[in-house]
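What follows is the residue order along each chain.
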Amino acid sequence: MDLDIDGVRIARDRADLALRPGERLLAGGTFLYSEPVPAGVTALVDLLGLGWEPWVLPGSAGVVAGPEVAGPGAGRPEVAGPASTGLEVAATCTIATLRDRAAAAAGQYPGLRLVAPCVSAFQLSFKVAHTATVGGNVCLALPAGPMTALLATLDATAEIWTPDGGTRAEPVADLITGPGSTTLAGGEVLRALRVPRAGLEARTASRKLGLTALGRSAVLVTGAAPATVDTARIVVTASVPRPLVMHVPAGDHGALDDALDRVTDWYDDPHGAPDWRAAMTRRLTHEVLEELS
Ligand SMILES: Cc1cc2nc3c(=O)[nH]c(=O)nc-3n(C[C@H](O)[C@H](O)[C@H](O)COP(=O)(O)OP(=O)(O)OC[C@H]3O[C@@H](n4cnc5c(N)ncnc54)[C@H](O)[C@@H]3O)c2cc1C
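Presented here is an overview of the structure given in this document. The shown structure was predicted, so the numbers you read here are calculated from the model rather than taken from an experiment.

**A closer look at the site of the ligand**
With respect to spatial proximity, 25 residues lie near the ligand, and among them R24, L25, G28, T30 and T133 are the closest. Between the ligand and A27, the relevant distance is 2.9 Å, taken from an oxygen atom to a main-chain nitrogen or oxygen of the residue. Take L190: an N or O atom from its main chain is 2.9 Å from a nitrogen atom of the ligand. Calculation on the ligand without its partners gives an accessible area of 970 Å², and the protein chains cover 88% of this total. Contributing elements (two or more residues each) for the shell around the ligand: β2 (23–26), α4 (134–140) and β12 (189–195). Formed jointly, the shell around the ligand draws a minimum of three residues from each of two domains, domain 1 (7–49) and domain 2 (50–198).

Structure, rendered in structure tokens:
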């Protein structure tokens, strides 16, 4: 964005999120500032002023100091312990904060081991990783959105603030409807992402492929096998326009093939041809199923 706008409002409380004509929400700005001013946008409303706690494990038995983190809530003590209701990640949590907090808690919650490969799928610089937000990535709804992949795999739910002062919840996997398209209505704000306890306790596996070693993902396959269920939840992103979620019985490669046979809209962009993406997705999903079985 060339910043040819009339101004930026810093949101301090929920009432400040009532958007006026021409206003658009701003999180880290790593995408918004990289594009021309979107048509009709004359001002931005900065979500970071709300100071949302980036990472909360409720029902905790204790409080321990986590690694140094950046972004909203930085410097506050990290809550750790047996999460009874799961993990809440604020939409404004930066990618670096998510990565660092998850690394500190992954010994206790194996599902969080999936955070590192998903963050790596971004190929972000230090500066962008400390600025881009989890919610910004989900709301952007790019097919290769690794935070969408992560959260959809751990069966996370999005908490959405509606303009009338209400709240609605929706599975992250359903929030994305296509490239750059979500179910978010005008004036709705993604407040938080909630990972259920089953997701935190799941075993996970992932595979990523791109045309170049450091390039944008062409295929990202992420999977989770909850401890109490003999079925793997396998999510495909980057090679399809919106997250593809498949529930496959452990070891049932035939069922996985059947599910993939029904996919007809393989994504087509400069990061990979559809037929190649289809073939590579099949190979990588079988590897993930094998690892989780
Ligand atoms: C080097 C680099 C590599 C990148 N790689 C990838 C990649 O691999 N995959 C990928 O998907 N993206 C990638 N991006 C794009 C983008 O920067 C990231 O998706 C980032 O996470 C967006 O977050 P942000 O906080 O900067 O969003 P912003 O740029 O602030 O906002 C993005 C959009 O989301 C909306 N928005 C933000 N937060 C909310 C909210 N809480 N509620 C409602 N709407 C909201 C904004 O209005 C805007 O339309 C990359 C960017 C860079 C610079």
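**Side note on the packing of aromatic side chains**
Across all of its chains, the model carries 1 aromatic pair by this definition. The aromatic ring of W52 is capped on one face by R191, whose charged end is 4.3 Å from the ring centroid.

**Things to note about the pairing of strand β8 (residues 157–161)**
Across the 5 residues of β8, 4 count as buried, placing the element largely inside the fold. Two strands pair when backbone bridges link them, and β8 and strand β9 (residues 167–171) are joined in this way by 5 bridges, in the antiparallel orientation. Its bridge partner being in β9, A158 is matched across the sheet by E170. As consecutive antiparallel partners, β8 and β9 are separated by 5 residues, and within that stretch G165 has a phi angle of approximately 95°, a positive value. When β8 meets β12, the two strands line up antiparallel, connected through 5 bridges. Across the sheet, A158 pairs through a bridge with L193, a residue of β12.

**Some points on the nonpolar core**
In this structure, W55, L98, L112, V134 and M147 are the most contacted members of the largest nonpolar core, which totals 46 residues. If you list the elements that add at least two residues to this core, you get β7 (87–90), α1 (95–105), α2 (115–120), α4, α5 (146–153), β8, α6 (172–175) and β12. When residues of this core are assigned to domains, at least three map to each of domain 1 (7–49) and domain 2 (50–198). In this view, L112 contacts W55, L87, A102, A105, A106 and L200; residues no more than four positions away in its chain are not counted. Judged by nonpolar contacts, the second largest core, of 23 residues, contains A232, L260, L284 and V288.

**Re the sheet that holds β2**
Strand pairing within a sheet occurs via backbone hydrogen bonds; the two strands may be parallel or antiparallel. If you walk across this open sheet you meet the 3 strands as β1-β3-β2, and the pairing is parallel. At either margin of the open sheet sits one strand with a lone partner, and together these are β1 (7–10) and β2. Between one strand axis and the next, the sheet turns by 30° as a mean value, whatever way the strands run. Judged from the 4 bridges that link them, β1 and strand β3 (residues 43–46) form a sheet pairing that is parallel.

**So, the pattern of salt bridges**
On inspection of all chains with the given rule, the structure shows 14 salt bridges. Across the pair E170 and R168 runs a salt bridge whose closest N-O atoms are separated by 2.9 Å. In this structure R168 comes out as partly exposed when scored by relative accessible area, which is 25%. Notably, a salt bridge pairs E291 with R207, separated by 2.9 Å at the nearest N-O pair. With E291 in helix α9 (residues 274–292) and R207 in strand β13 (residues 203–209), the pair connects residues that are 84 residues apart, well separated along the chain. A relative accessible area of 24% places R207 in the partly exposed class.

**Section: unusual backbone geometry**
In the Ramachandran plot, D155 falls in the positive-phi region, its phi being about 60° despite a non-glycine side chain. Residue position: D155 is located in the loop between α5 and β8. One non-glycine residue, A238, lies in positive phi territory at about 75°. Structurally, the position occupied by A238 is in the loop between β15 (231–237) and β16 (244–249). The exposure class of A238 is buried, given its relative accessible area of 1%.

Conventions we followed
- Residues numbered from 1 in each chain as written.
- Predicted model: local features only at pLDDT ≥ 70, side-chain atom pairs only at ≥ 80, totals over all residues.
- Heavy atoms only, no water.
- Near = heavy atom within 4 Å.
- Polar contact = N/O pair within 3.5 Å; in protein donor to acceptor, adjacent residues only side chain to side chain.
- Areas by Shrake-Rupley, 256 points an atom, 1.4 Å probe, with all protein chains shown as cover.
- Helix = DSSP H or I, 4+ residues; strand = E, 2+ residues; numbered from the N terminus.
- Domains from an automatic or database assignment.
- Phe/Tyr/Trp six-rings, centres within 6.5 Å; stacked < 30°, edge-to-face > 60°.
- Lys NZ or Arg CZ within 6 Å of the ring centre and 35° of its normal.
- Buried < 20%, exposed > 50% of the residue type's maximum accessible area, 1.4 Å probe, protein only.
- Pairing = 2+ DSSP bridges.
- Core = buried A, V, L, I, M, F, W, Y, C linked by side-chain atoms within 4.5 Å.
- Contact = heavy atoms within 4.5 Å.
- Axes fitted to C-alpha atoms, helices over the stretch in contact; angles between N-to-C directions.
- Salt bridge = Lys/Arg side-chain N within 4 Å of Asp/Glu carboxyl O.

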